[in-house]
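Structure assessment
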Amino acid sequence: MNAQAQLDSFIDKFTPEVATLTRELLRKMKRRVPGATIMVYDNYNALAIGFGPTEKASQAVLSLAVMPRWVTLCFLYGVGLPDPHGILNGSGTQVRHVRLHTAEAFDDPRVQDLIDAALDRCEPPIDSTREHELIIKSISAKQRPRRPKD
């Protein structure tokens, strides 16, 4: 199975609503971050789709974390990002995030400003002239349910 087919199968584990939202956000992220290496981790807690300049996880700058009820846009080095509107969440030492309940939320200028700031700090920078590269990095044998218990 190729990487795209694998990713599609991971997304299909979620409810149709979350799967549709994930695909829309993934399409928007690909357009927004041309040239990124896209790293997929089908983890215990969530499906994580990272975007960075190389296949090194430590260099990923943004990710989509797909949960049973929503998708979260994570800023992997979000602690120092300028956030004048106070939309970033999280209290860890590095990562900050914004929950996206709709694809339109991604287009919010405040979210786009955060993405700009994160990409400006990306080192090395993402080469926007290259094609996206999709890599399945890991698949956890044991996973939490991908659909809510209602």
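Above this text is the structure in question.
Let us look at the structure shown here. The structure presented is a predicted model; accordingly, all values stated were derived computationally and were not measured.

Once that is clear, we can look at the state of the cysteines. Following the criterion strictly, the structure yields zero disulfides and no others. In this structure Cys-74 is a free cysteine whose sulfur lies 16 Å from that of Cys-122, the closest cysteine sulfur available. Classification of Cys-122 by relative accessible area gives buried; the value is 5%.

Let us now look at the packing of helix H1 (residues 3-11) against helix H2 (residues 16-32). Helix-helix packing is described using two parameters, namely the angle between the two axes and the distance between the axes. At a minimum axis separation of 9 Å, H1 and H2 run at an interaxial angle of 140 degrees. Taken together, the axis directions place H1 and H2 in an arrangement best described as oblique. In this structure, H1 contributes Gln-4, Leu-7, Asp-8 and Ile-11 to the contact, and H2 contributes Ala-19, Thr-22, Arg-23, Leu-26 and Lys-30. Taken together, the residues of the contact of H1 with H2 sort by class into four nonpolar, two polar and three charged.

Right, let's talk about the side chain of Arg-146 for a bit. With respect to the secondary-structure elements, Arg-146 resides in the segment after strand S6 (133-139). Accessibility expressed as a relative area gives 6% for Arg-146, which makes it buried. At 3.5 Å, the side chain of Arg-146 and the side chain of Gln-143 are in polar contact. Once residues lying within four places of it in the same chain are set aside, the contact partners of Arg-146 are Lys-13, Phe-14, Asp-42, Asn-43, Tyr-44, Asn-45, Ala-46, Leu-47 and Pro-68.

Tallying each qualifying case throughout the model produces zero aromatic pairs. Geometry around Trp-70 places Arg-99 over its ring, the cationic atom sitting 3.5 Å from the centre.

Our next topic: the nonpolar core. Proteins that are soluble and globular tend to have nonpolar side chains buried together. Of all hydrophobic cores here, the largest spans 38 residues; its most connected members are Leu-47, Ile-49, Leu-62, Leu-64, Leu-73, Phe-75 and Val-98. Of all the elements in the fold, those that place two or more residues in this core are H1, H2, strand S1 (37-42), strand S2 (47-52), strand S3 (62-66), strand S4 (71-75), strand S5 (96-100) and helix H3 (109-121). At six residues, H2 tops the list of elements feeding residues into this core. Discounting residues that sit within four places of it in the chain, Leu-64 has contacts with Leu-25, Leu-26, Met-29, Leu-47, Ala-48, Ile-49, Val-71, Thr-72 and Leu-73.

Calculation criteria
Numbers given to residues run from 1 along each chain, matching the order in which its sequence is written. Side-chain atom pairs in this predicted model are given and counted only at pLDDT of 80 or more, local residue features only at pLDDT of at least 70, and totals for whole chains, interfaces and linings cover all residues. Where side-chain values are given, they derive from all heavy atoms of the structure, hydrogens and water being excluded. By disulfide we mean two sulfur atoms from cysteines, separated by a distance within 2.5 Å. Only protein chains enter the accessibility calculation, which uses a 1.4 Å probe; a residue whose area is less than 20% of its type maximum is buried, one above 50% is exposed, and one in between is partly exposed. Comment: axis = line fitted to C-alpha atoms, over the contacting stretch for helices; angle = value between 0 and 180 degrees taken between N-to-C directions. Segments assigned H or I by DSSP are reported as helices when at least four residues long, segments assigned E as strands when at least two residues long, and all are numbered from the N terminus. Angular relationships are summarised with four words: roughly parallel below 35 degrees, roughly antiparallel beyond 145, roughly perpendicular across 65 to 115, and oblique for the angles in between. Throughout, a residue-residue contact means that at least one pair of heavy atoms, one from each residue, lies within 4.5 Å. Residues are sorted three ways: Asp, Glu, Lys and Arg are charged, Ala, Val, Leu, Ile, Met, Phe, Trp, Tyr, Cys and Pro are nonpolar, and all the rest, Gly among them, are polar. Definition of a polar contact: a pair of N or O atoms within 3.5 Å, with one able to donate and the other able to accept a hydrogen when the atoms are protein atoms, and with sequence-neighbouring residues admitted only if both atoms are side-chain atoms. Only centres within 6.5 Å qualify two rings of Phe, Tyr or Trp (six-membered ring in Trp) as a pair; their planes then separate them into stacked at under 30 degrees, edge-to-face at over 60, and tilted for everything else. In this analysis the charged atom, NZ for Lys or CZ for Arg, is taken to sit over a ring once it is within 6 Å of the ring centre and within 35 degrees of the ring normal. Residue types Ala, Val, Leu, Ile, Met, Phe, Trp, Tyr and Cys, when buried and joined through side-chain atoms within 4.5 Å, form a set referred to as a nonpolar core.

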